[in-house]
Amino acid sequence: MSMLEVSHVSKSFGSKNVLQDVTITFDEGKIYGLLGRNGAGKSTLLNIMTNRTFADSGEVKIDSENINDNDAKLGLMFLMSEVNLYSNGSTLDQIIADTEMMYGSFDHQLAKRLATKFELDMATKFGKLSTGYNSIFKLILALCVPVKFVLLDEPVLGLDANHREMFYSELIDSFTNNPRTFIISTHLIEEVANLISDVIVLDEGRIMLDQPVEEVLAKTHSVVGPQRDVDAYTKGLNVIGHDDMGNIRVNYVYGELDDRRLPDTVQLSNFDLQKLFIFLTNQFEGSRHYEN
Amino acid sequence: MKTKQVTKYLFRRQIIILGEMYLVTFVTIYLLPFLLSLITGTLGSYSFTNILKNSPISGFFGFFMFVLAALSYENFKFLIQNGISRTTFFEAQISVYGIFVLIGNSVNLLYNYAIYVPMTHRMSFNLFMSGYRYFFSNGGVTVLMNFIFSALILAMFTLMGMTIGSFLSLFSKTMQRVLLVAVPIVGGVTLMYVVGAISNAAFRYTWIENFTKFILGYTSQSGVYNPFPVMVTMFILSAVMLFIVKYLFSKKQLKRE
Amino acid sequence: MQFQFNSSEPIYRQIAEQIEDAIASNGFEEGTQIPSTNEISKEFHINPATVLKGMNIVSAKNLIEKRRGLGMFVAPGARERILNEKRDHFFEQFVVGLVKEARNLNISEAELLELIKRGYER
């Protein structure tokens, strides 16, 4: 089993601290969701992990070996990102051939099946692809290279709903046929909420959350009822946000509930990752800024 | 290490670019005058041999290598996307340019000795032949030394291109443009100043002049120059640039676009 | 297969419940094959490990059984056992709440019984 470790990584651009002492461990065979708002440092982190840029301090290791300038370790990762690092004049077939040469092998059968499914003509030149097909082609590459860690930075950018649906299904198919680590960076949390096994929330360059989704959700509690009763019940608990609907209040609690007595008027349930994310990344009480 | 694959990849990509450069050049200096004289009806004055005589075909190669070597960022992008380290990129790139220089230099000399000289009867077809061909009495040694001397010049051009290219690739696109405009101006002014100062009488017969004469290989015999000081100088400069390029390659990063 | 997921309960538990519901309603008949972990996972974009966890709950109750190399099949008698279990929970799950709500609305016991009768006649 391989392990990808990010330890104490910090990075700043000018006076802006993009990453601050980030430490995460990625195990093999899991699907991680790397969540964060725009500018939270997700892409920078992924770029540092794949040695595209350098951290100011800290290091990235695979199986306790530093990945910096290390072909053997860098070859275990593939980062599909928004920036295009292929030359516009190359045909897709040519890029696949070159990619295969660099990684040592390539799942041509899968690539062919996916190209047919997404109706992508492999004789096209890379520069002629639309935004959606640009993403699709890079996703095909990501699924077909023989790596242990597949890093996807905003993978469904520009894909229509139908293609997104197809992509998530193919991702799971590829994952079950060949279990390896996926790290999916996205702000479309709802789409990946059930897909990921572990969630990492990055906010302003810091890790806010790094846990299995199941454990995280078990700690989410929405407490609904008359305002007075709800506030009394949640007193002393970690209330991260609330909603008011007339006299009815919902307090969102993140953490363990102690064995305090639940009043008859108050109801408990869990809430989802999307809500948790919004509350965790907008620190002040009750302020709700939905993006997108 | 994936040096072999990367070398293969870079060789294939860059030999194509090199070919395209030659193609464009040939079209411009041979075909274009031909078409022009065809259009203007002065085909009689068009002479292929004349153009051949007057165009420094073998000189183009050094310039092409300079340009090719300066454009290294594109390859870096593809290689870092595919998990190739900077060291491997550097080693493969040096191998490819080494092969190019050997091939290009051989073709150049072959062309000059086999076609250019018999056609024009001009012996001074390159820097070595113009300056240093009288130093060796043995013809074979002259050809061999010509090969080494020319190869060193090509290596210098290539490494200069690599140095400038990888230095510029450390900066953002805007900064690159500023540098591309500012450096030649500042450099030109400085050079003019230095040349002015050196040609000034006060500098004559000083150590600078003696040093320059030593490097250029002045001998007691007029018209005969010793190529070895220049060659050693070029070798040292190449080694220094190689070292700088290796350092600059290790600092390459993906730029924020 | 018509699964619906909400956010108020862990997904693996919802998967177990919905498989049981499908067996109870004869959506998955006894002796027939049910969708594989991968199929459910792919269809609903749920992590395979989560689906497996849900499946394991159902198979731990011996409601579905594995046939080597073929997949999961509804076990004989599964439907009856699920219905029995649901009957056991009927009182807690529905009657208690029904009575509570009836009290809130000032519906007497006799009136409630009358209403239940009406419900059966419909």
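Here the structure is a predicted model, which is why all the values come from computation and not from measurement.

The rules behind each value
Residues numbered from 1 in each chain as written. Chains lettered and ligands numbered in written order. Predicted model: local features only at pLDDT ≥ 70, side-chain atom pairs only at ≥ 80, totals over all residues. Heavy atoms only, no water. Helix = DSSP H or I, 4+ residues; strand = E, 2+ residues; numbered from the N terminus. Rg over C-alpha atoms; globule rule 2.2 N^0.38 Å. Buried < 20%, exposed > 50% of the residue type's maximum accessible area, 1.4 Å probe, protein only. Contact = heavy atoms within 4.5 Å. Areas by Shrake-Rupley, 256 points an atom, 1.4 Å probe, with all protein chains shown as cover. 1 Å grid on protein atoms, 1.4 Å probe; cavity = no way out; pocket = protein on both sides within 12 Å on 5 of 7 lines; lining within 4 Å. Points joined across faces, edges and corners; volume = space filled by probe spheres on them. Nonpolar A, V, L, I, M, F, W, Y, C, P; charged D, E, K, R; others polar. Domains from an automatic or database assignment. Buried area = accessible area lost by both parts, 1.4 Å probe. Salt bridge = Lys/Arg side-chain N within 4 Å of Asp/Glu carboxyl O. Polar contact = N/O pair within 3.5 Å; in protein donor to acceptor, adjacent residues only side chain to side chain. Expected span 1.5 Å × (residues − 1). Arc of directions from axis to C-beta. Phe/Tyr/Trp six-rings, centres within 6.5 Å; stacked < 30°, edge-to-face > 60°. Pairing = 2+ DSSP bridges. Axes fitted to C-alpha atoms, helices over the stretch in contact; angles between N-to-C directions.

Undergrad: How do you make sense of the overall build of chain C when you look at a structure like this?
TA: Counting secondary structure elements, chain C contains five helices and two strands. Along its sequence from the N terminus, chain C presents helices and strands in the succession α-α-α-β-β-α-α. Taken over C-alpha atoms, the radius of gyration comes to 18 Å for chain C, far larger than the 14 Å a tight globule of 122 residues would show. Across its three principal axes, chain C shows a C-alpha extent of roughly 60 × 30 × 25 Å. In chain C, buried positions account for 31% of the 122 residues. Long-range contacts, defined here as pairs at least 24 residues apart, represent 52% of the contacts in chain C between residues at least 6 apart. Total accessible area computed for chain C in this model is approximately 8200 Å², and 51% of it derives from carbon and sulfur atoms.

Undergrad: What exactly am I supposed to notice about the layout of surface pockets here?
TA: Take a probe with the size of a water molecule and roll it over the atoms, and the empty space left behind shows itself. Put simply, the largest pocket is a space of about 910 Å³. Considering the residues around the largest pocket, the lining is formed by 38 residues, among which Tyr73(B), Glu74(B), Ser169(B), Gln176(B) and Lys255(B) are closest to the centre. Elements represented by at least two residues in the lining of the largest pocket include exactly strand E1 (3-13) and helix H3 (92-103) of chain A together with helix H1 (3-40), helix H3 (57-70), helix H4 (73-81), helix H7 (139-168) and helix H8 (173-199) of chain B. In terms of residue count, H4(B) provides more of the lining of the largest pocket than any other element does, five residues in total. Of the residues contributing to the lining of the largest pocket, the split by class is 16 nonpolar, 11 polar and 11 charged. One number sums up the size of the second largest pocket: a volume of about 630 Å³. Ser43(A), Thr44(A), Asn47(A), Glu82(A) and Asp153(A) are, among the 24 residues lining the second largest pocket, the residues nearest its centre.

Undergrad: Looking at this structure, how should I read the domain arrangement of chain C?
TA: The figure often quoted for interface size is the accessible area lost as the parts come together. Residues and elements named next belong to chain C. Its domain assignment divides chain C into domain 1 (11-76) and domain 2 (79-121). Taken over C-alpha atoms, the centre of domain 1 sits 30 Å from the centre of domain 2. Taken together, the contact between domain 1 and domain 2 spans 11 residues of the former and seven residues of the latter. Carbon and sulfur atoms supply 47% of the area buried between domain 1 and domain 2, which totals about 760 Å² over both sides. In this assembly, domain 1 and domain 2 are joined by two salt bridges. Here Lys 61 makes a salt bridge to Glu 85, at a shortest N to O gap of 3.6 Å. Viewed at the interface, domain 2 and domain 1 are joined by five residue pairs in polar contact (both at pLDDT 80 or more). Its residues assigned to classes, the side of domain 1 that touches domain 2 shows five nonpolar, two polar and four charged.

Undergrad: When you look at helix H10 (residues 228-250) of chain B in this model, what are you seeing that I'm missing?
TA: Since there are 3.6 residues in each turn of an α-helix, residues three or four apart along the chain are aligned in direction. Residues and elements named next belong to chain B. End to end, H10 covers 33 Å across 23 residues, agreeing with the expected 33 Å (1.5 Å per residue, within 8%). Within the sequence span of H10, burial applies to Pro 229, Val 230, Met 231, Met 234, Ser 238, Met 241, Val 245, Leu 248 and Phe 249. The secondary structure elements touched by the buried residues of H10 are helix H5 (86-120), H7 and helix H9 (207-216).

Undergrad: Looking at this structure, how should I read helix H2 (residues 37-44) of chain C?
TA: Every buried residue belonging to H2(C) is among Thr37(C), Ile40(C), Ser41(C) and Phe44(C), and all of these are buried. Across the axial projection of H2(C), the buried residues extend over an arc of 100°, all falling on one side. For H2(C), the secondary structure elements touched by its buried residues are helix H6 (161-177) of chain A together with helix H3 (48-60) of chain C. Remark: His45(C) follows H2(C) within two positions and exhibits a positive phi of approximately 55°.

Undergrad: I keep staring at the packing of aromatic side chains and nothing clicks. Help me out?
TA: Geometrically, a pair of aromatic rings is defined through the distance of the ring centres and the angle of the planes. Residue and element names in this part refer to chain A. For the coordinates displayed, the defined rule picks out 34 aromatic pairs over all chains. Ring centres 5.9 Å apart and planes at 50° place the aromatic pair Phe 78 and Tyr 103 in the tilted group. Of this pair, Phe 78 sits in strand E6 (residues 77-80) while Tyr 103 sits in helix H3, and the two are 25 residues apart along the sequence. For the pair shown, Phe 78 and Tyr 103 are each scored as buried.

Undergrad: For this particular structure, what's the right way to read the sheet that holds strand E13 (residues 248-254) of chain A?
TA: Hydrogen bonds between backbone groups are what pair the strands of a sheet, and the pairing can be parallel or antiparallel. Residue and element names in this part refer to chain A. Taken in spatial order, the four strands line up as E12-E13-E11-E14 in an open sheet, and their pairing is antiparallel. Because the sheet does not close on itself, it has two edges, and the strands there are strand E12 (239-245) and strand E14 (267-269). Taken over all neighbouring pairs, the strand axes of this sheet differ in orientation by 20° on average, direction set aside. Looking at chain direction, E12 and E13 are connected through six bridges and run antiparallel. Across the sheet, the residue bridging to Val 239 is Val 253, located in E13. The strands touched by helix H10 (residues 273-281) within the sheet are strand E11 (220-226), E12 and E13, with E12 carrying the most contacts at an inclination of about 110°.

Undergrad: Got a minute to help me understand the sheet that holds E6(A) in this structure?
TA: Residues and elements named next belong to chain A. Strand order in this open sheet of six strands is E6-E7-E8-E3-E9-E10, and the pairing throughout is mixed. One side of each edge strand has no neighbouring strand; the edge strands of this open sheet are E6 and strand E10 (206-212). Taken pair by pair, the neighbouring strands of this sheet meet at an average axis angle of 15°, ignoring direction. Note that strand E7 (residues 149-153) and strand E8 (residues 181-186) share five bridges and pair parallel. Within the sheet, the bridge partner assigned to Asp 153 lies in E8 and is Ser 185. Taken strand by strand, helix H1 (residues 42-49) contacts strand E3 (31-35), E6, E7, E8 and strand E9 (198-203), and its axis lies near 150° from that of E8.

Undergrad: I keep staring at the pattern of salt bridges and nothing clicks. Help me out?
TA: Between side chains of opposite charge, pairing is possible as soon as their charged atoms come close. This structure, assessed with the given rule, holds 19 salt bridges over all chains. Taking the shortest distance from any N to any O, the salt bridge between Arg249(A) and Asp231(A) comes out at 3.3 Å. In this pair, Arg249(A) sits in strand E13 while Asp231(A) sits in helix H9 (residues 227-233), placing the two residues 18 residues apart along the sequence. Members of the salt-bridge network, linked through shared partners, are Arg113(A), Lys117(A), Glu170(A), Asp173(A) and Lys42(C).

Undergrad: It is not clear to me how the interface of chain A and chain C should be interpreted in this structure. Could you clarify?
TA: Taken together, the contact between chain A and chain C spans 18 residues of the former and 14 residues of the latter. Taken together, both faces of the contact between chain A and chain C bury some 1400 Å²; the carbon and sulfur share is 53%. For the chain A face of the interface with chain C, the top three residues by lost area are Ile172(A), Asn194(A) and Glu214(A), together amounting to 37%. In this structure, the connection of chain A to chain C is made through two salt bridges. Residue Lys42(C) is joined to Asp173(A) by a salt bridge in which the shortest nitrogen-to-oxygen separation is 3.6 Å. Viewed at the interface, chain C and chain A are joined by seven residue pairs in polar contact (both at pLDDT 80 or more).

Undergrad: Would you take a moment to explain the interface of chain B and chain A for this structure?
TA: If you look at the interface, chain B gives 27 residues, while chain A gives 27 residues. Note on chain B versus chain A: buried area summed over both sides is about 2500 Å², and carbon and sulfur give 53% of it. For Arg12(B), the salt bridge is made with Asp98(A), and the minimal N-O distance between the two is 2.5 Å. At the boundary of chain B and chain A, one finds 14 residue pairs in polar contact (both at pLDDT 80 or more). Of all the elements in the fold, those that place two or more residues in the side of chain B that touches chain A are H1, H4 and H5 of chain B. When grouped by side-chain class, the residues that make up the side of chain B that touches chain A number eight nonpolar, nine polar and 10 charged.

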